[in-house]
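# Structural features, examined
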Amino acid sequence: VPKKPAAGPSVMGLVVPKMDTVRVGFIGVGQRGSGHVKHFCHLDGVEIKAICDTDPQVLDESIQFVTTQGLPKPAQYTGSEQAYKDLLNRDDIDIVIISTPWEWHAPMAINTMESGKHAFVEVPLALTVDECWQIVDTAERTQKNCMMMENVNYGRDELMVLNMVRQGLFGELLHGEAAYIHELRWQMKEIDSKTGSWRTYWHTKRNGNLYPTHGLGPVSQYMNINRGDRFDYLTSMSSPALGRGLYAKREFPADHERNQLDYINGDINTSLIKTVKGRTIMVQHDTTTPRPYSRHNLIQGTNGVFAGFPNRIAIEQAGSDSYHKWDMDMAKWYAKYDHPLWLQMGQEAERNGGHGGMDFLMLWRMVYCLRNSEPLDQDVYDGTAWSVVNILSQESVNNRSNSVNFPDFTRGAWKTGKPLGIIGT
Ligand SMILES: NC(=O)c1ccc[n+]([C@@H]2O[C@H](COP(=O)([O-])OP(=O)(O)OC[C@H]3O[C@@H](n4cnc5c(N)ncnc54)[C@H](O)[C@@H]3O)[C@@H](O)[C@H]2O)c1
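Residues numbered from 1 in each chain as written. Predicted model: local features only at pLDDT ≥ 70, side-chain atom pairs only at ≥ 80, totals over all residues. Heavy atoms only, no water.

### Here we look at the site of the ligand
Taken together, 27 residues lie around the ligand, and Arg32, Asp53, Trp102, Thr195 and Trp198 are the ones closest in. Side-chain polar atom of Asp53 to an oxygen atom of the ligand: 2.6 Å apart, as the coordinates give it. Here a nitrogen atom of the ligand and a backbone polar atom of Glu81 are 3.1 Å apart. Protein contacts shield 90% of the accessible area of the ligand, which totals 840 Å² for the unbound molecule. Counting residues per element, the shell around the ligand draws most heavily on helix α4 (residues 102–114), at four residues. When its residues are assigned to classes, the shell around the ligand shows ten nonpolar, eleven polar and six charged. (Near = heavy atom within 4 Å. Polar contact = N/O pair within 3.5 Å; in protein donor to acceptor, adjacent residues only side chain to side chain. Areas by Shrake-Rupley, 256 points an atom, 1.4 Å probe, with all protein chains shown as cover. Helix = DSSP H or I, 4+ residues; strand = E, 2+ residues; numbered from the N terminus. Nonpolar A, V, L, I, M, F, W, Y, C, P; charged D, E, K, R; others polar.)

This is the structure we're talking about:
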């Protein structure tokens, strides 16, 4: 895709006028979006103005939840797949939280920004390179935020590792490993509604990394991707696609629809990203094999390594060869390196829950930035760079793993982009 002329100034580091109250609308309140609604009911300085979902039942559940908290009843929109546009026509909403199936993310984000509102979108942000460019173009033309809500960047461990990296504990960074390894075959039993009712089909349409952002977001922030470095090119391979067919055979009658599908997505996809500075990142996707959960969360530098799942660390200390053995005892590392944001908000985040507190912390931080006129921690360039791995990995897999170049969605602004600060220091 050729580099297009910008439709407006870069939105890297975008600061928008301070909001005393953040007025929010929700599109999609299924399994994920309903959680966001619950968290927003416990955040200061927000008003839930409207909620939209095509499923009247989940819509009603979220509306009920809000009112049982003693909060005003939000307006509701349902009845068609386009009903969200009526929500966007309101003039009393500042931000829209989009938690719909993947194919809706890009059009809804674009329509949200065009309606004068800021878009906050579930992962992944987009499904084609063209959609990525359209989102970037719209953000630049409208000067609106479009943040992909990568919650994993707000996990305690990920925040701590970011803090360790910034303090130089690992030396110069060389290599990272990221993954979404999460056995989700059971979602194939969600037939008429819920995640599996739409997500299952992606395994019949694409062969690559369907869901790259959870592991990749934090590793990208460790490496200052789009802020001094950027993804240059990628090569990708997929294993055979066997697990979903076998599962369908075992779990569904022979004539069941799940047994008529052609599952083409390799059970394990492995991609390698090279950055402009020469660093390497391995990214894996596997939602099919019987295997414990992992996002890898590995960062290797000239002075040592941190790896997650389970957490372990090895550092070259004072010339000793202590790095031959993993230190699995995290207590002293947390004591020394817990991120200031976690020290400030971690207890409240854990009390509110959501993937160990990361969900609440992300939403709290979004609202904090909007209310204090600070740039968000993740911008439209991050969301597109992390999401486009989905698309580029397929291209590479389908072409004997030949390398594929990353588009530079920042249009060169990565060279001067400021690294994400450690808030509170
Ligand atoms: N960040 C995370 O940790 C995390 C976790 C789970 C899901 N997700 C993401 O959240 C998104 C939603 O996933 P989910 O598990 O909640 O799925 P889901 O199927 O439970 O919910 C999706 C909702 O969107 C509604 N919807 C579909 N089309 C719509 C339209 N045109 N207008 C309005 N509503 C519409 C559906 O009725 C449904 O209620 C996905 O992108 C998924 O990848 C992220």
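Now, onward.
### Topic: helix α9 (residues 243–251)
For α9, the complete set of buried residues consists of Gly243, Arg244, Tyr247 and Ala248. Along the axis of α9, the buried residues cluster in a sector spanning 130°; they form a single face. More than 90 degrees from the buried face of α9, the exposed residues found are Leu246, Lys249 and Arg250. Where the residues of α9 are buried, they touch α7 (196–205). (Buried < 20%, exposed > 50% of the residue type's maximum accessible area, 1.4 Å probe, protein only. Arc of directions from axis to C-beta. Contact = heavy atoms within 4.5 Å.)

### Notes on the confidence of the model for the protein
Averaged over all residues, the pLDDT of the protein is 96; the fraction at 70 or higher stands at 99%. By mean pLDDT, helix α11 (residues 340–352) is the weakest element of the protein at 91, and strand β9 (residues 269–275) is the strongest at 99. With a pTM of 0.98, the predicted complex shows an ipTM of 0.99. (pLDDT = per-residue confidence, 0-100.)

### Thoughts on the nonpolar core
Ranked by internal contacts, the top residues of the largest apolar core, which has 120 residues, are Phe40 and Phe170. Broken down by element, the residue count for this core peaks at ten residues, all from helix α12 (residues 358–371). Leaving out residues up to four positions away in the same chain, Phe170 has contacts with Val161, Met164, Val165, Ile299, Gly301, Thr302, Asn303, Gly304, Val305, Phe306, Ile313 and Ile315. Core analysis: the next-biggest nonpolar cluster, separate from the first, contains five residues, Met188, Tyr247, Phe252 and Tyr263 among them. (Core = buried A, V, L, I, M, F, W, Y, C linked by side-chain atoms within 4.5 Å.)

### Side note on the pairing of strand β2 (residues 46–52)
Taking burial as the measure, the seven residues of β2 include five buried ones, the bulk of the element. Here strand β1 (residues 22–27) pairs with β2 via six bridges, running parallel. Across the sheet, Arg23 pairs through a bridge with Glu47, a residue of β2. Taken together, β1, helix α1 (residues 33–41) and β2 form a β-α-β motif whose crossover is right-handed. In this sheet, strand β3 (residues 75–77) lies alongside β2 in parallel orientation, the contact comprising three bridges. Across the sheet, the residue bridging to Ala50 is Ala75, located in β3. (Pairing = 2+ DSSP bridges. Right-handed = clockwise from strand over helix to strand, strands pointing away.)

### Here we look at the sheet that holds strand β13 (residues 312–315)
Strand order across the open sheet formed by eight strands is β13-β12-β11-β7-β10-β9-β8-β14, with mixed pairing between neighbours. Edge positions in the sheet fall to β13 and β14 (404–405), since each has one partner strand and no second. Both strand β8 (residues 231–238) and β14 contribute to a ladder of two bridges, which runs antiparallel. Bridging across to β14, Tyr233 finds its partner in Asn405.

### Some words on the packing of helix α8 (residues 213–222) against helix α13 (residues 380–397)
The interhelical angle for the contact between α8 and α13, taken along N-to-C directions, is 135°, at an axis separation of 10 Å. By the angle between their directions, the pair α8 and α13 is classed as oblique. Once α8 is placed against α13, the crossing between them reads as right-handed. Between α8 and α13, the residues in contact are Thr213, Leu216, Gly217, Ser220 and Gln221 and Trp386, Ser387 and Val389, respectively. (Axes fitted to C-alpha atoms, helices over the stretch in contact; angles between N-to-C directions. Parallel < 35°, antiparallel > 145°, perpendicular 65-115°, else oblique. Left-handed = near helix turned anticlockwise from the far one by under 90°.)

### Let's talk about the pattern of salt bridges
Side-chain pairs of opposite charge can arise where the charged atoms are in close proximity. Tallied over the full model, the rule gives 22 salt bridges. Note that Asp359 is salt-bridged to Arg32, the shortest N-O span being 2.9 Å. Taken together, the residues span a long stretch of sequence, with Asp359 in helix α12 and Arg32 in the loop between β1 and α1 at a distance of 327 residues. Arg32 sits in the partly exposed class, given a relative accessible area of 24%. For Arg156, the salt bridge is made with Asp338, and the minimal N-O distance between the two is 2.7 Å. In this pair, Arg156 sits in helix α6 (residues 156–166) while Asp338 sits in the loop between α10 (331–337) and α11, placing the two residues 182 residues apart along the sequence. Its relative accessible area of 9% is what places Asp338 among the buried residues. What emerges from the salt-bridge pattern is a single network uniting Arg32, Glu122 and Asp359. (Salt bridge = Lys/Arg side-chain N within 4 Å of Asp/Glu carboxyl O.)

### Let's talk about the environment of Leu216
Structurally, Leu216 can be placed in helix α8. For the pair Leu216 and Ala178, spaced 38 residues apart in sequence, the C-alpha separation works out to 5.3 Å. What Leu216 contacts, discounting residues up to four positions off in sequence, is Ala178, Phe231, Ile273, Ile281, Val283, Trp386 and Val389.

### What about the sheet that holds strand β6 (residues 146–148)?
Strand order in the open sheet formed by six strands is β3-β2-β1-β4-β5-β6, with parallel pairing between adjacent strands. At either margin of the open sheet sits one strand with a lone partner, and together these are β3 and β6. Strand-to-strand, the axes of this sheet are offset by a mean angle of 20°, without reference to chain direction. Strands β1, β2 and β4 (95–98) of the sheet are contacted by α1, whose axis makes an angle of about 155° with β2. Lying over the sheet, α4 contacts β1, β4, β5 (118–121) and β6, oriented at roughly 160° with respect to β5.

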